[in-house]
Amino acid sequence: MSVISSKDVNEIIRKTLGIINNKIMHHGEITGYILYKMMEYENAYTDQHYTEQELVDYTMLGILHDIGLYKEDNIKNVSDFETKNLWPHSIYGFLFLKYLSPMGDKAEIVLYHHLDYNRHSMIQSRYMHIIDMLSLADKMDTFLNLKEEKLGQDYFNKYRDIKFSGAAMDLFQKAEKRYGITENLVNGKYREELDVLLAKRAFSEQYKRGFLEMLVYTIDFRSEHTVIHTLATVHFAEQLGRLSRVSGKDLRDLHYGALLHDLGKIAIPLHILESTGRLSDEEMKVMKAHVRITEMILEGVVDDAVLQIAVRHHEKLDGTGYHKGLNAADLTLPQQIIAVADILSALYGKRSYKEAFSKEKILDIMNSDADRGKINRNVVTSLERNYDNIIKEFEKEKESTIGLYLKIKEQYAIMIERFKRFD
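Residues numbered from 1 in each chain as written. Predicted model: local features only at pLDDT ≥ 70, side-chain atom pairs only at ≥ 80, totals over all residues. Heavy atoms only, no water.

Now for the overall build of the protein. In terms of regular secondary structure, the protein is built from 21 helices and zero strands. Compactness check: the protein gives a C-alpha radius of gyration of 23 Å against a globular reference of 22 Å for 423 residues, within 12% of the reference. With the C-alpha coordinates aligned to their principal axes, the bounding extent of the protein is approximately 75 × 45 × 40 Å. Scored against the burial criterion, the 423 residues of the protein give a buried share of 56%. Accessible area for the protein stands at about 18800 Å²; split by element, carbon and sulfur atoms hold 48% of it. Considering the protein, the positive charge centre built from 57 side chains and the negative charge centre built from 64 side chains are found 2 Å apart. (Helix = DSSP H or I, 4+ residues; strand = E, 2+ residues; numbered from the N terminus. Rg over C-alpha atoms; globule rule 2.2 N^0.38 Å. Buried < 20%, exposed > 50% of the residue type's maximum accessible area, 1.4 Å probe, protein only. Areas by Shrake-Rupley, 256 points an atom, 1.4 Å probe, with all protein chains shown as cover. Lys, Arg positive; Asp, Glu negative; His and termini not counted. Charge placed at Lys NZ, Arg CZ, Asp CG, Glu CD.)

In structure tokens form, the structure reads like this:
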């Protein structure tokens, strides 16, 4: 059985990114839908044809074209960022999708979606036609959401073949006449059509895994430490699962459960996630809510075994954990393993409020918890016997992860300077 169905990929993206900023998610879905209908018209009535995979990829890029905006704080009006300060979110979104999504080879479509049409001669891309359509789709939704005095009713006549492609506008008008795009946007049917499109295409497990991993990296918009913690928990859970000889399916479920276990932290305020001191009782209450939020995101979307591993990582064998206060009889071995992996990751990792603990201190804490009947004694014993190898393997993986972050940051700084020529 698959961890997540093809049709639920967009649903989990919708839920997760909607928590960060529902306005950006709403704008993305509308833009993606307009782009999809333009491509559908081309497939039916022109010589231009797209495979099902291309339709899905380009539509998903439309939905995620402003993913760089999620890094901004306190966005109240998406349209403001669509008409000024264009390049920071376009460039970051491009780099994010290039390196951290399963559509990296097409990410330049997002990079250029704000470039005026009359400057397209300054760039080269094999995706220029899609860029033209995405740019137009983006402007159509922005136009619908801006007051007339900000954009002007004659915008699309005045700036034809200047800010956007006239051919793309003609295509939109034909698709609008044929499919009633704006009516479907008003009555909400566009969401159903997007779901049908994504359900038609049977995604490979690698493709779906790429989107789930991408969602984990979106926590980077809130806290880089939390991303590193998540990746460490995945690694430690898999290592401990193998040492505990869990089955192949259980090991797969453990991987995905660990990958998604802190997804709810995307909704936790940054001052709590990155607090440099001890959290107050009220702040700890907010922090603990991340488990319930994770459950809300994953419920009905991913395989139940994966869901239960993800949302039980803070449960204790003696019933003192959260968020349901379960005990040993309620918890499967994979669920007990992730609890150990999560603690190991938290103790080993360097955080905003602490330095990394030593091997001796980590094992003392974990042995104490095992002795008090809070976490699985056998799993802790396996950890103690294999600690050095487990950490050595993680450090290799961690270097590549941190290296990726540094690469994104370095390229961002270079590209911001280079793109000043378009201002």
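Having seen it, we continue.
With that settled, the discussion passes to the nonpolar core. Within soluble globular proteins, side chains that are nonpolar generally end up buried alongside one another. One finds Ile12, Ile13, Leu64 and Met366 to be the most contacted residues of the largest nonpolar core, which totals 137 residues. Apart from the residues within four sequence positions on either side, Ile12 is in contact with Ile4, Leu212, Leu215, Ile297, Leu298, Val301 and Val302. (Core = buried A, V, L, I, M, F, W, Y, C linked by side-chain atoms within 4.5 Å. Contact = heavy atoms within 4.5 Å.)

Inspection of the entire model under this criterion finds 26 salt bridges. Across the pair Lys7 and Asp8 runs a salt bridge whose closest N-O atoms are separated by 3.5 Å. For Arg377, the salt bridge is made with Asp371, and the minimal N-O distance between the two is 2.5 Å. Sharing partners across several salt bridges, the network here consists of Glu11, Arg14, Glu29, Arg191 and Asp195. (Salt bridge = Lys/Arg side-chain N within 4 Å of Asp/Glu carboxyl O.)

Right, let's get into unusual backbone geometry. Of the consecutive residues Tyr322 and His323, the connecting peptide bond is found in the cis state with omega at 20°. Structurally, the position occupied by His323 is in the loop between helix 18 (304-311) and helix 19 (333-348). You will see that Asp161, though not glycine, has its phi angle at about 60°, which is positive. Mapped onto the elements of the fold, Asp161 is located in the loop between helix 9 (155-158) and helix 10 (166-179). We classify Asp161 as partly exposed; its relative accessible area is 39%.

Glancing now at the packing of aromatic side chains. Throughout the structure, instances matching the rule amount to 18 aromatic pairs. Here Tyr155 and Tyr159 contribute two aromatic rings whose centre-to-centre distance is 5.1 Å and whose plane-to-plane angle is 45°, an arrangement assigned as tilted. Residue class for Tyr159 comes out partly exposed when judged on its relative accessible area of 23%. Site record: aromatic cluster; members linked through ring pairs are Tyr155, Phe156, Tyr159 and Phe164. Looking at Lys37, its charged tip hangs above the ring of Tyr179, at a distance of 4.3 Å from the centre. If you follow Lys361 out to its NZ or CZ, it ends over the ring of Phe357, 4.2 Å from the centre. (Phe/Tyr/Trp six-rings, centres within 6.5 Å; stacked < 30°, edge-to-face > 60°. Lys NZ or Arg CZ within 6 Å of the ring centre and 35° of its normal.)

Let's shift gears to the environment of Ile13. Residue placement: Ile13 occurs in helix 1 (residues 6-20). Separated by 51 residues in the primary sequence, Ile13 and Leu64 have C-alpha atoms spaced 9.3 Å apart. The contacts of Ile13, once residues within four sequence positions are left out, are Gly18, Met25, Met60, Leu64, Phe211, Met214 and Leu215.

Right, let's talk about the confidence of the model for the protein for a bit. When pLDDT is averaged along the protein, the result is 89, and 93% of the positions lie at 70 or above. A low-confidence stretch, residues 146-150 stays under pLDDT 50, and its non-local contacts, those more than four residues away or across chains, total five contacts. (pLDDT = per-residue confidence, 0-100.)

If you check helix 2 (residues 22-45), its first and last C-alpha atoms are 35 Å apart, about what 24 residues at 1.5 Å a residue would give, namely 34 Å. For helix 2, a buried count of 17 out of 24 residues is recorded, marking the element as mostly surrounded by other parts of the structure. With a side-chain oxygen lying 3.0 Å from the backbone nitrogen of Lys23, the N-terminal cap of helix 2 falls on Asn21. (Expected span 1.5 Å × (residues − 1). Polar contact = N/O pair within 3.5 Å; in protein donor to acceptor, adjacent residues only side chain to side chain.)

Our focus in this paragraph is the packing of helix 2 against helix 3 (residues 52-63). It is the contact of helix 2 with helix 3, at a shortest axis distance of 6 Å, that shows an interaxial angle of 150°. Accordingly, the angle class assigned to the pair helix 2 and helix 3 is roughly antiparallel. Taken as a pair, helix 2 and helix 3 cross one another with a handedness that is right-handed. On helix 3, the residues touching Met25, Gly28, Glu29, Thr31, Gly32, Leu35, Tyr36, Met39 and Asn43 of helix 2 are Leu55, Tyr58, Thr59, Gly62 and Ile63. (Axes fitted to C-alpha atoms, helices over the stretch in contact; angles between N-to-C directions. Parallel < 35°, antiparallel > 145°, perpendicular 65-115°, else oblique. Left-handed = near helix turned anticlockwise from the far one by under 90°.)

As a further point, take the environment of Asp364. Within the secondary structure layout, Asp364 lies in helix 20 (residues 359-371). Given a relative accessible area of 56%, Asp364 falls into the exposed group. For the pair Asp364 and Lys285, spaced 79 residues apart in the sequence, the C-alpha separation amounts to 27 Å.

Our next topic: the packing of helix 15 (residues 248-260) against helix 19. Packing of helix 15 against helix 19 leaves a shortest axis separation of 10 Å and a crossing angle of 40°. With respect to their mutual orientation, helix 15 and helix 19 come out oblique. Crossing of helix 15 against helix 19: the hand is right-handed. Across the interface between the two elements, Asp250, Leu254, Gly257 and Ala258 of helix 15 pack against Pro334, Ile337 and Ile338 of helix 19. Partitioned by chemical class, the residues of the contact of helix 15 with helix 19 number five nonpolar, one polar and one charged. (Nonpolar A, V, L, I, M, F, W, Y, C, P; charged D, E, K, R; others polar.)

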